[in-house]
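Inside the fold
Below, each chain spelled out in residue letters.
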Amino acid sequence: MKANCWMGKQKVEVRDVPDPQILNSGDAIVRITSTAICGSDLHLYNGYVKPMKKGDILGHEFMGEVVEVGSGVRTLKVGDRVVVPFTIACGACWQCRHQNWSLCENSNPNVALAEKMLGHSGSAGFGYSHLTGGFAGGQAEYARVPFADVGPLKIENGFSDEQVLFLSDILPTGHMGAEMCDIRPGDTVAVWGCGPVGLFAIMSARLLGAERVIAIDRFEYRLEMARQCGAETLNYETVDSVSDAVIELTAGRGPDSCIDAVGLEAHGDGLEYAVDKAKQALKIENDRPIALRQAITACRNGGTVSVIGVYGGLVDALPMGTVMNRSLTIKSGQCHVHRYMRPLLEHIENGDIDPTVVITHRMKLSDAPRGYDIFLNKQDGCEKVVLST
Ligand code: NAD
Ligand code: ZN
Ligand code: ZN
(Lines give C-alpha, C1' and ligand atoms only; values in the text may rest on other atoms or scores of the structure.)
(Ligands and ions follow the chains in the order given, each with its own letter.)
Protein backbone atom coordinates (compact mmCIF):
# COMPACT_ATOMS: atom_id res chain seq x y z
CA MET A 1 0.00 0.00 0.00
CA LYS A 2 0.96 3.66 -0.17
CA ALA A 3 1.67 5.55 3.06
CA ASN A 4 3.03 8.92 4.07
CA CYS A 5 6.25 8.27 5.95
CA TRP A 6 8.41 10.43 8.23
CA MET A 7 11.87 10.52 6.66
CA GLY A 8 13.64 13.10 8.87
CA LYS A 9 13.19 16.70 9.92
CA GLN A 10 10.73 18.45 7.57
CA LYS A 11 10.83 15.51 5.20
CA VAL A 12 7.90 13.21 4.47
CA GLU A 13 7.55 10.85 1.54
CA VAL A 14 4.66 8.79 0.16
CA ARG A 15 6.16 5.32 -0.17
CA ASP A 16 5.18 1.74 -0.92
CA VAL A 17 5.07 -0.20 2.33
CA PRO A 18 3.72 -3.63 3.36
CA ASP A 19 -0.05 -3.84 3.97
CA PRO A 20 -0.99 -4.07 7.67
CA GLN A 21 -1.97 -7.49 9.03
CA ILE A 22 -4.24 -8.59 11.86
CA LEU A 23 -1.88 -9.22 14.79
CA ASN A 24 -4.34 -9.66 17.68
CA SER A 25 -7.84 -11.10 17.77
CA GLY A 26 -9.26 -7.66 18.66
CA ASP A 27 -7.76 -5.90 15.62
CA ALA A 28 -9.54 -4.62 12.54
CA ILE A 29 -8.04 -3.50 9.24
CA VAL A 30 -9.55 -0.30 7.87
CA ARG A 31 -9.30 0.80 4.25
CA ILE A 32 -8.84 4.53 4.65
CA THR A 33 -10.99 6.87 2.61
CA SER A 34 -10.09 10.21 4.24
CA THR A 35 -7.32 11.38 6.53
CA ALA A 36 -6.01 14.78 7.63
CA ILE A 37 -2.88 16.65 8.63
CA CYS A 38 -2.92 18.00 12.19
CA GLY A 39 -0.94 20.66 14.08
CA SER A 40 0.33 17.74 16.16
CA ASP A 41 1.88 16.24 13.01
CA LEU A 42 3.89 19.44 12.63
CA HIS A 43 5.58 18.76 15.99
CA LEU A 44 6.82 15.45 14.54
CA TYR A 45 7.63 17.02 11.19
CA ASN A 46 9.74 19.71 12.88
CA GLY A 47 11.48 17.16 15.11
CA TYR A 48 10.15 18.29 18.50
CA VAL A 49 8.25 15.13 19.46
CA LYS A 50 10.49 12.07 19.58
CA PRO A 51 11.61 9.40 19.13
CA MET A 52 10.82 8.86 15.44
CA LYS A 53 12.38 6.36 13.07
CA LYS A 54 12.84 6.83 9.34
CA GLY A 55 9.89 5.25 7.56
CA ASP A 56 7.38 5.66 10.42
CA ILE A 57 3.89 6.05 8.97
CA LEU A 58 2.31 9.35 10.06
CA GLY A 59 -1.30 10.33 10.64
CA HIS A 60 -3.81 10.01 13.46
CA GLU A 61 -6.98 11.52 11.98
CA PHE A 62 -8.60 8.96 9.68
CA MET A 63 -11.73 7.08 8.73
CA GLY A 64 -12.73 4.43 6.25
CA GLU A 65 -14.24 1.02 5.70
CA VAL A 66 -13.58 -2.12 7.71
CA VAL A 67 -12.11 -4.76 5.37
CA GLU A 68 -11.00 -7.43 7.86
CA VAL A 69 -11.64 -8.22 11.53
CA GLY A 70 -9.85 -10.43 14.04
CA SER A 71 -11.60 -13.48 15.49
CA GLY A 72 -12.41 -11.68 18.74
CA VAL A 73 -14.09 -8.60 17.25
CA ARG A 74 -17.79 -8.49 18.15
CA THR A 75 -19.21 -5.08 17.20
CA LEU A 76 -17.64 -4.38 13.81
CA LYS A 77 -18.01 -6.32 10.61
CA VAL A 78 -16.52 -6.08 7.14
CA GLY A 79 -18.14 -3.23 5.23
CA ASP A 80 -18.81 -0.99 8.29
CA ARG A 81 -17.88 2.65 7.85
CA VAL A 82 -15.95 3.99 10.85
CA VAL A 83 -14.16 7.03 12.26
CA VAL A 84 -11.16 6.00 14.34
CA PRO A 85 -10.14 7.97 17.48
CA PHE A 86 -6.45 8.94 17.57
CA THR A 87 -5.98 7.52 21.04
CA ILE A 88 -5.70 3.74 21.31
CA ALA A 89 -7.49 2.46 24.41
CA CYS A 90 -8.25 -1.03 25.74
CA GLY A 91 -11.63 -0.20 27.29
CA ALA A 92 -10.99 -2.41 30.32
CA CYS A 93 -8.25 -0.87 32.49
CA TRP A 94 -8.83 1.47 35.47
CA GLN A 95 -8.31 4.64 33.38
CA CYS A 96 -10.56 3.43 30.54
CA ARG A 97 -13.26 2.51 33.06
CA HIS A 98 -12.99 6.10 34.35
CA GLN A 99 -13.39 7.44 30.78
CA ASN A 100 -9.78 8.69 30.71
CA TRP A 101 -9.13 7.10 27.34
CA SER A 102 -5.91 8.94 26.52
CA LEU A 103 -4.46 7.52 29.74
CA CYS A 104 -5.19 3.85 28.96
CA GLU A 105 -2.83 1.66 31.00
CA ASN A 106 -2.71 -1.21 28.52
CA SER A 107 -2.25 0.10 25.01
CA ASN A 108 1.30 1.50 24.98
CA PRO A 109 3.91 -1.23 24.46
CA ASN A 110 6.71 1.31 25.06
CA VAL A 111 5.79 2.10 28.68
CA ALA A 112 9.40 2.06 29.90
CA LEU A 113 10.40 4.78 27.48
CA ALA A 114 7.36 6.91 28.35
CA GLU A 115 7.98 6.45 32.08
CA LYS A 116 11.56 7.59 31.66
CA MET A 117 10.49 10.72 29.80
CA LEU A 118 7.18 11.58 31.52
CA GLY A 119 7.15 9.74 34.86
CA HIS A 120 4.12 7.67 33.83
CA SER A 121 2.91 6.57 30.41
CA GLY A 122 -0.25 7.72 28.69
CA SER A 123 -2.13 5.65 26.13
CA ALA A 124 -0.79 4.66 22.75
CA GLY A 125 -1.74 6.67 19.69
CA PHE A 126 -1.65 6.24 15.93
CA GLY A 127 1.33 7.61 14.04
CA TYR A 128 2.68 9.58 16.96
CA SER A 129 6.27 8.53 17.69
CA HIS A 130 7.61 5.56 19.61
CA LEU A 131 6.79 7.32 22.88
CA THR A 132 3.14 6.43 22.22
CA GLY A 133 3.89 2.95 20.94
CA GLY A 134 5.20 3.41 17.41
CA PHE A 135 1.85 2.38 15.86
CA ALA A 136 1.56 2.93 12.12
CA GLY A 137 -0.62 5.95 11.36
CA GLY A 138 -3.52 6.68 9.08
CA GLN A 139 -2.01 8.81 6.33
CA ALA A 140 -2.07 5.60 4.34
CA GLU A 141 -4.34 3.38 2.31
CA TYR A 142 -4.90 0.95 5.19
CA ALA A 143 -4.36 0.84 8.95
CA ARG A 144 -4.46 -1.79 11.65
CA VAL A 145 -6.80 -0.66 14.41
CA PRO A 146 -6.24 -2.42 17.77
CA PHE A 147 -9.13 -2.77 20.28
CA ALA A 148 -11.51 -2.41 17.36
CA ASP A 149 -14.57 -2.97 19.59
CA VAL A 150 -13.59 -0.03 21.79
CA GLY A 151 -12.52 2.91 19.63
CA PRO A 152 -14.04 3.17 16.15
CA LEU A 153 -17.37 4.96 15.81
CA LYS A 154 -19.73 3.50 13.20
CA ILE A 155 -21.18 6.05 10.82
CA GLU A 156 -24.64 4.97 9.75
CA ASN A 157 -26.30 8.30 8.98
CA GLY A 158 -24.95 8.65 5.45
CA PHE A 159 -22.93 11.76 6.31
CA SER A 160 -19.95 12.57 4.10
CA ASP A 161 -16.38 11.87 5.25
CA GLU A 162 -15.76 15.59 5.63
CA GLN A 163 -18.71 15.96 8.02
CA VAL A 164 -17.47 13.30 10.45
CA LEU A 165 -13.70 12.88 9.93
CA PHE A 166 -12.74 15.39 12.63
CA LEU A 167 -14.49 13.31 15.30
CA SER A 168 -11.17 11.41 15.21
CA ASP A 169 -9.35 14.25 16.99
CA ILE A 170 -9.65 17.99 16.53
CA LEU A 171 -13.39 18.42 17.17
CA PRO A 172 -13.30 16.44 20.45
CA THR A 173 -10.03 18.16 21.35
CA GLY A 174 -11.39 21.67 20.88
CA HIS A 175 -14.52 20.61 22.74
CA MET A 176 -12.56 19.17 25.66
CA GLY A 177 -10.55 22.40 25.79
CA ALA A 178 -13.79 24.35 26.24
CA GLU A 179 -15.35 21.81 28.60
CA MET A 180 -12.33 22.02 30.91
CA CYS A 181 -13.22 25.72 31.38
CA ASP A 182 -16.46 24.86 33.24
CA ILE A 183 -18.17 27.68 31.39
CA ARG A 184 -21.02 29.49 33.16
CA PRO A 185 -23.52 31.89 31.60
CA GLY A 186 -21.93 35.29 31.06
CA ASP A 187 -18.38 33.92 30.93
CA THR A 188 -15.64 35.26 28.69
CA VAL A 189 -13.22 32.71 27.27
CA ALA A 190 -9.97 33.66 25.53
CA VAL A 191 -8.47 31.23 23.01
CA TRP A 192 -4.82 31.42 21.95
CA GLY A 193 -4.36 29.98 18.45
CA CYS A 194 -6.86 30.00 15.55
CA GLY A 195 -5.76 26.76 13.94
CA PRO A 196 -8.43 24.06 13.51
CA VAL A 197 -8.21 23.11 17.20
CA GLY A 198 -8.64 26.74 18.27
CA LEU A 199 -11.64 27.14 15.95
CA PHE A 200 -13.35 24.07 17.43
CA ALA A 201 -12.57 25.39 20.92
CA ILE A 202 -14.27 28.68 19.96
CA MET A 203 -17.34 26.90 18.53
CA SER A 204 -17.57 24.65 21.59
CA ALA A 205 -17.15 27.53 24.05
CA ARG A 206 -20.10 29.27 22.37
CA LEU A 207 -22.09 26.03 22.37
CA LEU A 208 -21.38 25.57 26.10
CA GLY A 209 -22.71 29.05 26.83
CA ALA A 210 -19.79 31.48 26.79
CA GLU A 211 -21.05 35.01 26.26
CA ARG A 212 -17.81 36.25 24.73
CA VAL A 213 -14.89 34.47 23.11
CA ILE A 214 -11.70 36.38 22.38
CA ALA A 215 -9.44 34.66 19.84
CA ILE A 216 -5.75 35.46 19.43
CA ASP A 217 -3.47 34.76 16.45
CA ARG A 218 -1.43 36.71 13.94
CA PHE A 219 -2.73 35.40 10.60
CA GLU A 220 -5.57 37.62 9.40
CA TYR A 221 -7.23 34.85 7.39
CA ARG A 222 -7.32 32.66 10.49
CA LEU A 223 -8.66 35.54 12.62
CA GLU A 224 -11.38 36.00 10.01
CA MET A 225 -12.32 32.31 10.37
CA ALA A 226 -12.43 32.80 14.16
CA ARG A 227 -14.83 35.71 13.70
CA GLN A 228 -17.03 33.47 11.52
CA CYS A 229 -17.09 31.02 14.43
CA GLY A 230 -18.37 33.71 16.78
CA ALA A 231 -15.22 35.16 18.34
CA GLU A 232 -13.90 38.69 18.75
CA THR A 233 -10.29 38.72 17.64
CA LEU A 234 -6.93 40.14 18.62
CA ASN A 235 -3.96 40.15 16.26
CA TYR A 236 -1.09 39.82 18.69
CA GLU A 237 1.31 41.51 16.31
CA THR A 238 -0.60 44.77 16.71
CA VAL A 239 -0.09 45.09 20.48
CA ASP A 240 2.94 45.41 22.78
CA SER A 241 1.64 43.09 25.48
CA VAL A 242 -0.91 40.42 24.61
CA SER A 243 -1.87 39.80 28.25
CA ASP A 244 -2.42 43.53 28.83
CA ALA A 245 -4.54 43.76 25.68
CA VAL A 246 -6.68 40.79 26.73
CA ILE A 247 -7.07 42.19 30.25
CA GLU A 248 -8.12 45.51 28.78
CA LEU A 249 -10.72 43.81 26.57
CA THR A 250 -12.26 42.36 29.74
CA ALA A 251 -12.46 45.66 31.63
CA GLY A 252 -9.45 44.90 33.76
CA ARG A 253 -10.63 41.61 35.26
CA GLY A 254 -9.28 39.10 32.74
CA PRO A 255 -11.13 36.27 30.98
CA ASP A 256 -12.86 33.68 33.18
CA SER A 257 -10.87 31.06 31.35
CA CYS A 258 -8.04 30.92 28.85
CA ILE A 259 -7.45 28.11 26.37
CA ASP A 260 -3.98 27.39 24.99
CA ALA A 261 -4.58 25.93 21.51
CA VAL A 262 -1.04 26.70 20.37
CA GLY A 263 1.33 24.35 22.16
CA LEU A 264 5.05 23.91 22.13
CA GLU A 265 5.91 25.69 18.87
CA ALA A 266 4.48 29.08 19.79
CA HIS A 267 5.65 32.01 17.77
CA GLY A 268 6.39 35.34 19.40
CA ASP A 269 8.18 38.65 19.14
CA GLY A 270 11.21 40.07 20.78
CA LEU A 271 13.53 38.83 23.47
CA GLU A 272 11.25 36.18 25.01
CA TYR A 273 10.92 34.34 21.69
CA ALA A 274 14.65 34.64 20.98
CA VAL A 275 15.54 33.23 24.41
CA ASP A 276 13.12 30.27 24.07
CA LYS A 277 14.39 29.54 20.55
CA ALA A 278 18.01 29.62 21.72
CA LYS A 279 17.27 27.35 24.69
CA GLN A 280 15.48 24.90 22.39
CA ALA A 281 18.46 24.86 20.05
CA LEU A 282 20.79 24.22 23.01
CA LYS A 283 18.39 21.48 24.20
CA ILE A 284 18.01 23.05 27.67
CA GLU A 285 14.32 23.68 27.05
CA ASN A 286 12.10 21.45 24.95
CA ASP A 287 9.05 23.65 24.42
CA ARG A 288 8.32 27.35 23.80
CA PRO A 289 5.44 28.12 26.20
CA ILE A 290 4.86 31.69 25.02
CA ALA A 291 1.10 31.45 24.59
CA LEU A 292 0.80 29.50 27.84
CA ARG A 293 2.63 32.20 29.82
CA GLN A 294 0.33 34.84 28.34
CA ALA A 295 -2.79 32.75 29.06
CA ILE A 296 -1.75 32.34 32.69
CA THR A 297 -0.94 36.04 33.10
CA ALA A 298 -4.16 37.26 31.47
CA CYS A 299 -6.58 34.89 33.22
CA ARG A 300 -8.77 36.45 35.93
CA ASN A 301 -8.15 35.65 39.60
CA GLY A 302 -9.55 32.23 40.37
CA GLY A 303 -9.96 31.41 36.67
CA THR A 304 -9.05 28.33 34.65
CA VAL A 305 -6.28 27.81 32.12
CA SER A 306 -7.09 24.94 29.78
CA VAL A 307 -4.08 23.56 27.93
CA ILE A 308 -4.89 21.52 24.83
CA GLY A 309 -1.87 22.64 22.80
CA VAL A 310 0.67 19.82 22.91
CA TYR A 311 3.77 20.06 25.11
CA GLY A 312 6.55 17.52 25.01
CA GLY A 313 8.96 18.16 27.84
CA LEU A 314 10.46 20.93 29.91
CA VAL A 315 9.42 24.59 29.79
CA ASP A 316 11.16 27.53 31.43
CA ALA A 317 9.94 30.69 33.10
CA LEU A 318 6.44 29.39 33.75
CA PRO A 319 4.84 31.98 36.08
CA MET A 320 4.03 29.57 38.93
CA GLY A 321 3.81 32.44 41.42
CA THR A 322 0.92 33.81 39.38
CA VAL A 323 -0.83 30.44 39.32
CA MET A 324 -0.50 30.00 43.09
CA ASN A 325 -1.12 33.52 44.34
CA ARG A 326 -4.08 34.13 42.07
CA SER A 327 -5.73 30.73 42.68
CA LEU A 328 -5.65 29.63 39.05
CA THR A 329 -6.61 26.12 38.00
CA ILE A 330 -4.64 24.52 35.18
CA LYS A 331 -6.26 21.62 33.33
CA SER A 332 -4.72 19.73 30.46
CA GLY A 333 -4.53 16.51 28.53
CA GLN A 334 -4.37 14.61 25.32
CA CYS A 335 -7.99 14.41 24.33
CA HIS A 336 -10.10 11.57 25.74
CA VAL A 337 -11.56 11.27 22.25
CA HIS A 338 -13.78 8.23 22.90
CA ARG A 339 -15.74 10.24 25.51
CA TYR A 340 -16.81 12.87 23.00
CA MET A 341 -17.32 11.09 19.67
CA ARG A 342 -20.97 10.08 20.05
CA PRO A 343 -22.25 13.27 21.73
CA LEU A 344 -20.44 15.39 19.15
CA LEU A 345 -21.81 13.28 16.29
CA GLU A 346 -25.25 14.22 17.65
CA HIS A 347 -24.28 17.90 17.60
CA ILE A 348 -23.26 17.50 13.95
CA GLU A 349 -26.54 15.72 13.18
CA ASN A 350 -28.51 18.49 14.92
CA GLY A 351 -26.67 21.14 12.93
CA ASP A 352 -25.12 22.74 16.08
CA ILE A 353 -21.62 22.32 14.63
CA ASP A 354 -20.52 22.12 11.00
CA PRO A 355 -16.98 20.70 11.11
CA THR A 356 -16.45 21.20 7.37
CA VAL A 357 -15.94 24.96 7.80
CA VAL A 358 -12.30 24.45 8.83
CA ILE A 359 -11.35 22.66 5.58
CA THR A 360 -9.46 24.82 3.11
CA HIS A 361 -7.49 22.21 1.16
CA ARG A 362 -8.50 18.89 -0.34
CA MET A 363 -5.73 16.75 -1.82
CA LYS A 364 -4.79 13.21 -2.66
CA LEU A 365 -2.72 11.13 -0.25
CA SER A 366 0.07 11.27 -2.82
CA ASP A 367 0.17 15.09 -2.29
CA ALA A 368 0.86 14.76 1.44
CA PRO A 369 4.37 16.30 1.25
CA ARG A 370 2.95 19.46 -0.37
CA GLY A 371 0.13 19.44 2.18
CA TYR A 372 2.63 19.45 5.06
CA ASP A 373 4.56 22.28 3.48
CA ILE A 374 1.64 24.64 2.95
CA PHE A 375 0.05 23.79 6.31
CA LEU A 376 3.34 24.42 8.12
CA ASN A 377 4.00 27.70 6.35
CA LYS A 378 0.37 28.88 6.48
CA GLN A 379 0.47 29.43 2.71
CA ASP A 380 -2.48 29.87 0.39
CA GLY A 381 -4.86 30.55 3.28
CA CYS A 382 -4.31 27.03 4.60
CA GLU A 383 -6.28 26.07 7.72
CA LYS A 384 -6.85 22.32 7.35
CA VAL A 385 -5.76 19.78 4.77
CA VAL A 386 -7.85 16.69 4.10
CA LEU A 387 -6.27 13.89 2.07
CA SER A 388 -8.32 11.31 0.23
CA THR A 389 -7.05 7.98 -1.03
P1 NAD B 1 -2.01 24.94 13.88
O2 NAD B 1 -0.53 24.92 13.74
O3 NAD B 1 -2.85 24.96 12.66
O4 NAD B 1 -2.45 26.19 14.77
C5 NAD B 1 -1.66 26.82 15.74
C6 NAD B 1 -1.99 28.30 15.68
O7 NAD B 1 -1.35 28.97 16.78
C8 NAD B 1 -1.49 28.99 14.41
O9 NAD B 1 -2.55 29.65 13.75
C10 NAD B 1 -0.45 29.97 14.93
O11 NAD B 1 -0.36 31.17 14.16
C12 NAD B 1 -0.94 30.24 16.34
N13 NAD B 1 0.08 30.77 17.25
C14 NAD B 1 1.42 30.53 17.27
N15 NAD B 1 1.99 31.21 18.27
C16 NAD B 1 1.01 31.91 18.89
C17 NAD B 1 0.99 32.83 19.98
N18 NAD B 1 2.10 33.14 20.66
N19 NAD B 1 -0.21 33.35 20.36
C20 NAD B 1 -1.37 33.05 19.68
N21 NAD B 1 -1.39 32.21 18.62
C22 NAD B 1 -0.22 31.63 18.24
O23 NAD B 1 -2.37 23.67 14.80
P24 NAD B 1 -3.74 22.98 15.28
O25 NAD B 1 -3.99 21.79 14.43
O26 NAD B 1 -4.83 23.95 15.47
O27 NAD B 1 -3.26 22.44 16.71
C28 NAD B 1 -3.02 23.35 17.76
C29 NAD B 1 -2.34 22.64 18.93
O30 NAD B 1 -3.23 21.65 19.45
C31 NAD B 1 -1.06 21.91 18.55
O32 NAD B 1 -0.11 22.04 19.59
C33 NAD B 1 -1.51 20.48 18.46
O34 NAD B 1 -0.46 19.58 18.69
C35 NAD B 1 -2.50 20.44 19.60
N36 NAD B 1 -3.42 19.29 19.62
C37 NAD B 1 -3.66 18.72 20.81
C38 NAD B 1 -4.50 17.65 20.91
C39 NAD B 1 -4.81 17.07 22.25
O40 NAD B 1 -5.31 15.97 22.33
N41 NAD B 1 -4.57 17.78 23.34
C42 NAD B 1 -5.10 17.14 19.77
C43 NAD B 1 -4.87 17.76 18.54
C44 NAD B 1 -4.01 18.85 18.47
ZN1 ZN C 1 -4.48 15.64 15.49
ZN1 ZN D 1 -7.33 0.94 28.93
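None of the values given here were measured: they were computed from a predicted structure.

1. Description of helix H13 (residues 368-376)
Along H13, the positions that sit buried rather than exposed are Ala 368, Gly 371, Tyr 372, Ile 374, Phe 375 and Leu 376. Just past H13, the residue Lys 378 takes up positive phi, approximately 50°.

2. Some thoughts on the coordination of the zinc ion (ligand 2)
In the first shell of the zinc ion (ligand 2), the protein supplies Cys 38 (SG), His 60 (NE2), Glu 61 (OE) and Asp 169 (OD), at 1.8 to 2.4 Å from the metal. With 4 donor atoms in place around the zinc ion (ligand 2) and angles of 87 to 135° between them, the coordination shape is tetrahedral. Along the chain, the residues that donate to the zinc ion (ligand 2) are spaced as C-x21-H-E-x107-D. One end of the pair, Glu 61, is in the loop between strand S4 (56-57) and strand S5 (62-69); the other, Asp 169, is in the loop between helix H4 (161-164) and helix H5 (170-179), and 108 residues separate them in sequence. The exposure classification of Glu 61 matches that of Asp 169, with both residues buried.

3. Concerning the site of ligand 1
Lining the immediate environment of ligand 1, one finds 30 residues, of which Ser 40, His 43, Asp 217, His 267 and Cys 335 sit closest. Expressed as a share of its isolated accessible area of 870 Å², the protein-covered part of ligand 1 is 96%. Listed by contribution, the elements that provide at least two residues to the shell around ligand 1 are helix H1 (39-45), helix H6 (196-207) and strand S12 (212-217). Of all the elements, H1 adds the most residues to the shell around ligand 1, at 3 residues. A per-class count over the shell around ligand 1 returns 15 nonpolar, 11 polar and 4 charged.

4. Side note on the coordination of the zinc ion (ligand 3)
For the zinc ion (ligand 3), the full set of protein donor atoms is Cys 90 (SG), Cys 93 (SG), Cys 96 (SG) and Cys 104 (SG), at a range of 2.3 to 2.4 Å. Taken together, the 4 donor atoms surrounding the zinc ion (ligand 3) define angles of 102 to 117° at the centre, an arrangement classified as tetrahedral. When the donor residues of the zinc ion (ligand 3) are listed from N- to C-terminus, their spacing reads C-x2-C-x2-C-x7-C. A residue is classified by how much of its surface remains accessible, and Cys 96, at 1% relative accessible area, is buried.

5. Structural notes on the sheet that holds strand S1 (residues 2-8)
If you walk across this open sheet you meet the 3 strands as S2-S1-S4, and the pairing is antiparallel. One side of each edge strand has no neighbouring strand; the edge strands of this open sheet are strand S2 (11-16) and S4. For S1 and S2, the ladder comprises 6 bridges, and the chain directions are antiparallel. If you follow Trp 6 over to S2, its bridge partner there is Val 12. Against the sheet, H13 engages S1 and S2, with an angle of about 160° to S2.

The rules behind these values
Residues numbered from 1 in each chain as written. Chains lettered and ligands numbered in written order. Predicted model: local features only at pLDDT ≥ 70, side-chain atom pairs only at ≥ 80, totals over all residues. Heavy atoms only, no water. Buried < 20%, exposed > 50% of the residue type's maximum accessible area, 1.4 Å probe, protein only. Helix = DSSP H or I, 4+ residues; strand = E, 2+ residues; numbered from the N terminus. Donors = N, O, S within 2.8 Å, 3.2 Å for Na, K, Ca; no water. Tetrahedral: all angles 85-135°; square planar, octahedral: opposite > 155°, others 65-115°. Near = heavy atom within 4 Å. Areas by Shrake-Rupley, 256 points an atom, 1.4 Å probe, with all protein chains shown as cover. Nonpolar A, V, L, I, M, F, W, Y, C, P; charged D, E, K, R; others polar. Pairing = 2+ DSSP bridges. Contact = heavy atoms within 4.5 Å. Axes fitted to C-alpha atoms, helices over the stretch in contact; angles between N-to-C directions.

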